[in-house]
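Structural features, examined
Below are the chains, spelled out letter by letter.
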There are 4 protein chains.
Amino acid sequence: MKEKVRVAVNGYGVIGKRVADAVRLQDDMELAGVCDVVSDWRIKVALQRGYPVYAFDSPAQEKMEQAGIEVRGTLAGILKACDVVVDCTPKKVAAQNIDKYKAAGLKFIVQGGEKHETTGHSFSAENNYDTALGRESTRVVSCNTTSIIRTLTALKKAGLLQKARGTLLRRATDPWESHLNGIMNTLVPEPEIPSHQGPDAQSVDPDLDVITAAVKVPETLSHLHYWNVQLTKEASKEEVLQAFSNSTRIAMINYANGLSANNTVKELMLGLDRPYGDMYEVALWQDMLKVVGNELFYAYLVDNQAIVIPETIDAIRALTRLEENAQASIQKTNAVLGVRQGALI
Amino acid sequence: MKEKVRVAVNGYGVIGKRVADAVRLQDDMELAGVCDVVSDWRIKVALQRGYPVYAFDSPAQEKMEQAGIEVRGTLAGILKACDVVVDCTPKKVAAQNIDKYKAAGLKFIVQGGEKHETTGHSFSAENNYDTALGRESTRVVSCNTTSIIRTLTALKKAGLLQKARGTLLRRATDPWESHLNGIMNTLVPEPEIPSHQGPDAQSVDPDLDVITAAVKVPETLSHLHYWNVQLTKEASKEEVLQAFSNSTRIAMINYANGLSANNTVKELMLGLDRPYGDMYEVALWQDMLKVVGNELFYAYLVDNQAIVIPETIDAIRALTRLEENAQASIQKTNAVLGVRQGALI
Amino acid sequence: MKEKVRVAVNGYGVIGKRVADAVRLQDDMELAGVCDVVSDWRIKVALQRGYPVYAFDSPAQEKMEQAGIEVRGTLAGILKACDVVVDCTPKKVAAQNIDKYKAAGLKFIVQGGEKHETTGHSFSAENNYDTALGRESTRVVSCNTTSIIRTLTALKKAGLLQKARGTLLRRATDPWESHLNGIMNTLVPEPEIPSHQGPDAQSVDPDLDVITAAVKVPETLSHLHYWNVQLTKEASKEEVLQAFSNSTRIAMINYANGLSANNTVKELMLGLDRPYGDMYEVALWQDMLKVVGNELFYAYLVDNQAIVIPETIDAIRALTRLEENAQASIQKTNAVLGVRQGALI
Amino acid sequence: MKEKVRVAVNGYGVIGKRVADAVRLQDDMELAGVCDVVSDWRIKVALQRGYPVYAFDSPAQEKMEQAGIEVRGTLAGILKACDVVVDCTPKKVAAQNIDKYKAAGLKFIVQGGEKHETTGHSFSAENNYDTALGRESTRVVSCNTTSIIRTLTALKKAGLLQKARGTLLRRATDPWESHLNGIMNTLVPEPEIPSHQGPDAQSVDPDLDVITAAVKVPETLSHLHYWNVQLTKEASKEEVLQAFSNSTRIAMINYANGLSANNTVKELMLGLDRPYGDMYEVALWQDMLKVVGNELFYAYLVDNQAIVIPETIDAIRALTRLEENAQASIQKTNAVLGVRQGALI
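Conventions and cut-offs
Residues numbered from 1 in each chain as written. Chains lettered and ligands numbered in written order. Predicted model: local features only at pLDDT ≥ 70, side-chain atom pairs only at ≥ 80, totals over all residues. Heavy atoms only, no water. Helix = DSSP H or I, 4+ residues; strand = E, 2+ residues; numbered from the N terminus. Rg over C-alpha atoms; globule rule 2.2 N^0.38 Å. Buried < 20%, exposed > 50% of the residue type's maximum accessible area, 1.4 Å probe, protein only. Lys, Arg positive; Asp, Glu negative; His and termini not counted. Charge placed at Lys NZ, Arg CZ, Asp CG, Glu CD. Pairing = 2+ DSSP bridges. Right-handed = clockwise from strand over helix to strand, strands pointing away. Domains from an automatic or database assignment. Contact = heavy atoms within 4.5 Å. Buried area = accessible area lost by both parts, 1.4 Å probe. Salt bridge = Lys/Arg side-chain N within 4 Å of Asp/Glu carboxyl O. Least-squares fit on C-alpha atoms with pLDDT ≥ 70 in both. Polar contact = N/O pair within 3.5 Å; in protein donor to acceptor, adjacent residues only side chain to side chain. Nonpolar A, V, L, I, M, F, W, Y, C, P; charged D, E, K, R; others polar. UniProt positions renumbered as here; feature names shortened; annotations may be inferred. Axes fitted to C-alpha atoms, helices over the stretch in contact; angles between N-to-C directions. Expected span 1.5 Å × (residues − 1).

Let us look at the overall build of chain A. Counting its secondary structure elements, chain A contains twelve helices and 15 strands. Its C-alpha atoms give chain A a radius of gyration of 20 Å, within 12% of the compact-globule value 20 Å for 345 residues. Each principal axis of the C-alpha atoms in chain A carries an extent, and together these give about 65 × 45 × 40 Å. Burial statistics for chain A: of 345 residues in total, 67% are counted as buried. Taken together, the 38 basic and 42 acidic charged side chains of chain A have centroids lying 1 Å from each other.

So, in structure tokens, the structure goes:
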């Protein structure tokens, strides 16, 4: 068996801490450590989980040590101890780090906040795993884009997709920082239509005819996407549901089952023992989905904190060639993370 | 000059109190009084405004009198003192009242929560004022439907409208009762697509090809509608804006002017001295509006508490034949209420 | 070793599902099953966890079976299979059930929403475990009261408590049902001062001089209590912190550690792998705590969904005499649930 | 009769725009104009109201003119055209402006965000109008402090006040900017007890024994203060209410009248035709107020956007000696603004 790939996570935030946890669970990967700048409760959680902690630079190391946090070294140190870096730093930071990864001869992954041009490749496992095999780097597309690619690719594979028009309700901020920046009793539309998620989906599949509009809504749980898809023909609801089952990462929920709002779905995922109540799946309302002639209408939820995690695990395997076969990696990741097929419950 | 039409308002709630205020401002109408069941601060505001207060029935009258509220009589009493009743009671109540209005030989208006069949006519001034002339009754369509009719009718008149697909973000509850029933940190989609606003718009104009999906969002200020309209041809943005100017009750707002969220628009309306910060206009984002080929994308705000008020005033004139000419009534109402054309500011 | 006590949970809601999970973890208890009326996703989670599911009555059983849920029987059935019932039903329901528990000769526990008189005993482990030994029943006091008893008892044991005055900010609704009933953009004070938490605390310790005022706030995470305590003398901050350490279920948090708001604490608990991010401890801000002369000021968080869970486990042991010694039960429960002493992190 | 005092408002924000409107209503004042840096909808409202608009500096003037706003000049220009400046700029800006006001030989008023030392005098009309007579400048204390001074001064004047302990629930952000910075689904306590409102109240009355704790809550309407006051004796509720009536700017509300939450009070004020639904009064819950022995418990609402407006008008009169007599100014301001005595409704 291949040697375990050693993965470093740079940026122990919303995405980074989940990537670290997910890497820990894979039997073909090893967490080299996590790296960050903070010295408060957030990085202490990493210590409690037994993760080697590195500081981004010396000033950060000093602050961490003053806060009683055991630090293994700085970024340079962790880069020596890994094979691949998953960069989960805030948008403007990642660009600066990339040179260091390259200089260290490492494979690296950036998240969806970075531009496609950073790596020249945008990753969505079920769509283009193969094109990532052995590359130096890739960009795992954002939560919104990941959900768009999964769903539209599923329809496309079934020959049903002509064009897609989406209205994306985006959660305003993540729960951990809702005391720092939120919106209250208002809605904040994005100033431009199309919003960037459409073009971003095209970075994975340039053939998609997709236009989105987006608006920030005052909740912290998940995004909610509404779609109006022009089908290639008058299909039945069953055909459409069958098409969506092409993806192993789209699960169905039903209003009739009491799952009538995103807070109920979050509570469900917590009840299913998902860490943080994380949902890796796109959760699509099955009873609500409607076909009218050759038009398809549906809505689904996106857990913006978690949906990219299985994608990131697969990206690690593709870049490092831990797994040559897309389906093999996807199924392995799904099994380890407990991704659900069919009905979410 | 014609005698003033005496208007009774049954139900002094969110809509009713605004109708009463608007009637008071018209020089061809007289407020016969307002009728309600409550005996708390809400009805005391009517007294402070000098409105004659009636109680729905004797038990309600007793409670009001115990609370020190001067009551002129019960519903029967106000029905004797008016020519037309505007019923603004909660959904299940209105149906029962209608028989009393008919028995009293009165013209009457119900609001959008009632079914079209209640009156056999659904009213939207700029669209079908003429068909309401002299009728016994009409139903002023709901806030959502009013905005849909105004905008789609404007596009239709300009020969641009083929079909319209909307995603409606609905405010969860009104400010006055946000302590009683609200939603918190979640989104609540309506279980069915199409939602009822599409068919409801067809009650005014059966030819509209319109399908909507709707979702409750956790704010109290206004609805936000996103639309994707299939145009009859590849039109320019200017043509579309010109079409919207066909309606005297669609005003433009600009993100670039700082009006980037519905709280800023509410604050603006308060600053323009609108009672309650009410907005009678559909407020459409001009800079955001986009034409891509023969597809049109735009978004606008609907003040659900106020948008039907000018419509209701016009409906009074149509039923009572106070004004035979639609445009004359519309312009009069607009002038008295201060409805703004072109840019909101 | 004693035989495992078989515990039935009647009411698989916010508290009930947590009691079931906690019972499952104890090596001296066995979960006989859970009983409820719902037939949607909520009870399906119980099935997924392998819990025997019972229906409250035949109509409920029918609905559950129609929904594909395997039902072992009705309430009567589960009462035959257990030694003690933990009743976690909504307020008005529990009173009716109690007669059935008595008729079945079972020990039973009700939650804090029920009146003290229902059982004649109100339970808070660190305060009065001994007085519950072998009783037929007890009432575990509410989340608010549990936190009040823990903190004031700790001060009292150190001889510091003279009187306590609290302002309680209560979360408006629980996350699972925040789509059904919430408050939005407002604050809802309780109409009466004192609010009932003071008298409720006196049901455990009649000697407490405590008066509270309470207000509902628009968030779903936790309660926040502010206290002004008149000390018996001018104590130092260290003495006060030492006193609080008398309780094994009060943990310290620090603003300086980034734990500056209750969303950060919830995120921390999720990161510490607590199911649902549950916090069994009172989390008291250590750096914020202040002594001015002989007055003490402090604030703490109460996880209303979880704080009573360790108490309930200890109550089971006391009633059934599974453990004669209070400290032994408390320490066992703490160890199994992972309750933290000293700093939360 | 004295010549009208010419008032300039520097900073046309939440407070500034209200000061401008209030000055406009006084028959002994004239609005010289308003000055700001913004060039969006906010300053356009000033134009619509017919206010002379000045730009803070040349860059601001340029932007305004590009936006089509007629500008009379810069700050220097408005300082030439007024007798007194009311500075309502953000905290760090005011300090810089003060030198300009002094250099121009003007009287000036700063708001509560500035330190007491800026002017050496902190103003609360009913408490210390006389000490402001003819001064060069004063600081109108903040919304929280204004309410504290009004209420505690009233109790003090009745000989009832020994010491006061408050828990202040502060609205997180103002409605106009709730899309820019808010908090969501959380509570954010201030890190230190005492919070600064206590010492701030002592800047007006050094003899007050008052300690406060404060917490930000996720709503935008108003602050809610809970107080526990140690009385000098066992007084009756009637004595306490009588004491509060010493202030002309404390009004009573009743839960029993349906005013059970701050959203209902805001809706009431809108219904009473207050601009923006502004409330100049402290609104104290009369039925909730409770005396227990010699302890007093009560709660009230503070409209943070409006409560300082009558104070600012009185401060203008005091500095300029427009009115030598405190009561005369207070009564005039109350009458013009429609301040309510006794019950709010």
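A few words now on the pairing of strand β12 (residues 250-253) of chain C. Residues and elements named next belong to chain C. Of the two faces of β12, the one lined by I250 and M252 and the one lined by A251 and I253 are each fully buried. The sheet contact formed by β12 and strand β13 (residues 282-285) spans four bridges and is parallel. Counted as the bridge partner of I250 is V282 from β13. For the handedness criterion, the β-α-β arrangement of β12, helix α10 (residues 262-271) and β13 is classed as right-handed.

We now examine the domain arrangement of chain A. Residue and element names in this part refer to chain A. The domain architecture assigned to chain A consists of domain 1 (5-141 + 308-343) and domain 2 (143-302). Here domain 1 and domain 2 have C-alpha centroids that lie 25 Å from each other. Contacts between the two partners involve 30 residues from domain 1 and, on the opposite side, 25 residues from domain 2. Here domain 1 packs against domain 2, burying approximately 2400 Å² in sum over the two surfaces, 50% of which is carbon and sulfur. There are five salt bridges connecting domain 1 and domain 2. For R150, the salt bridge goes to E311, with nearest N and O atoms at 2.9 Å.

Taken as rigid bodies, chain C and chain B are interconverted by a rotation of 180 degrees and an axial shift of 0.0 Å, the fit giving an RMSD of 0.0 Å. Overall, the copies show the geometry of a two-fold rotation axis. For chain C, the minimum C-alpha distance to the rotation axis belongs to C:G182 and amounts to 2.2 Å. When the interface residues of chain C are mapped onto chain B, 100% of them are again interface residues, pointing to one common binding face.

Here the second copy of the chain follows from the first by a rotation about an axis and a shift along it. When chain B is fitted to chain A, the best match, at an RMSD of 0.0 Å, comes from turning it 180 degrees and sliding it 0.0 Å along the axis. Mapped onto chain A, 100% of the interface residues of chain B again fall at the interface, so both copies present the same surface.

With that settled, the discussion passes to the side chain of A:N144. By the element assignment, A:N144 lies in helix α7 (residues 143-157). Residues within four places of A:N144 in sequence aside, it is in contact with A:L168, A:R170, A:Q197, A:H223 and A:H225.

Here we take up the interface of chain B and chain A. At the junction of the two partners, chain B supplies 39 residues and chain A supplies 39 residues. Both faces combined, the contact of chain B with chain A buries some 3300 Å², and carbon together with sulfur accounts for 64% of it. By the criterion of area lost to chain A, the three top residues of chain B are B:L187, B:I193 and B:Y226, representing 20% of everything that side buries. The tally of links from chain B across to chain A stands at four salt bridges. Notably, a salt bridge pairs B:K163 with A:E295, separated by 3.2 Å at the nearest N-O pair. Along the contact surface separating chain B from chain A lie 17 residue pairs in polar contact (both at pLDDT 80 or more). No other element matches strand β10 (residues 210-217) of chain B, which puts five residues into the side of chain B that touches chain A. The class makeup of the residues in the side of chain B that touches chain A is 23 nonpolar, ten polar and six charged.

Quick look at the UniProt feature "binding site: NAD(+)" (unreviewed entry) in chain A now. Residue and element names in this part refer to chain A. According to UniProt, the positions carrying the feature "binding site: NAD(+)" (unreviewed entry) are D36 and N304. At 3.1 Å, the side chain of D36 forms a polar contact with the backbone nitrogen of V38. Within the element layout of this structure, N304 appears in the loop between β15 (295-302) and α11 (308-320). With near-sequence residues (within four places) excluded, N304 lies in contact with I15, C143, R171, D174, L221, S222 and H223. A distance of 2.7 Å separates the side chain of N304 from the side chain of D174, its partner in a polar contact.

Before going further, it helps to spend a moment on the pattern of salt bridges. Tallying each qualifying case throughout the model produces 96 salt bridges over all chains. Here B:D40 and B:R42 are joined by a salt bridge, their closest N and O atoms 3.0 Å apart. By relative accessible area, B:R42 is classed as partly exposed at 24%. D:D209 serves as the salt-bridge partner of D:R165, at 3.0 Å between the closest nitrogen and oxygen. Linking D:R165 in strand β8 (residues 161-171) with D:D209 in the loop between α8 (197-202) and β10 (210-217), this pair joins segments that are 44 residues apart in sequence. A residue is classified by how much of its surface remains accessible, and D:R165, at 7% relative accessible area, is buried.

Our next topic: the interface of chain C and chain B. Contacts between chain C and chain B engage 16 residues on the former and 16 residues on the latter. When chain C packs against chain B, the two sides together hide about 950 Å² of surface, and 62% of this comes from carbon and sulfur. Among the residues chain C hides against chain B, the three largest losses belong to C:S178, C:H179 and C:M184. Together they make up 57% of the total. Taken together, chain C and chain B are joined by zero salt bridges. Joining chain C to chain B, the criterion identifies three residue pairs in polar contact (both at pLDDT 80 or more). Tallied by class, the residues present in the side of chain C that touches chain B amount to seven nonpolar, eight polar and one charged.

Residues and elements named next belong to chain B. Spatially, the seven strands line up as an open sheet ordered β3-β2-β1-β4-β5-β7-β6, and their pairing is parallel. One side of each edge strand has no neighbouring strand; the edge strands of this open sheet are β3 (53-55) and β6 (122-123). Note: strand β2 (residues 29-36) against β3, three bridges, orientation parallel. Counted as the bridge partner of C35 is Y54 from β3. Across the sheet, helix α1 (residues 14-25) touches β1 (5-10), β2 and β4 (84-87), and the angle it forms with β2 is around 160 degrees.

Residues spaced three or four apart along an α-helix face the same direction, because each turn holds 3.6 residues. With twelve residues, helix α1 (residues 14-25) of chain A extends 18 Å from end C-alpha to end C-alpha; this agrees with the ideal 16 Å at 1.5 Å per step. Burial analysis of α1(A) places ten of its twelve residues in the buried class, which makes it a mostly covered element. When α1(A) is considered as a whole, its buried residues turn out to be A:V14, A:I15, A:G16, A:K17, A:R18, A:V19, A:A20, A:D21, A:A22 and A:V23. Looking at the buried residues of α1(A), the elements they touch are β1 (5-10), β2 (29-36), β4 (84-87), α11 and α12 (326-337) of chain A together with α10 of chain C.

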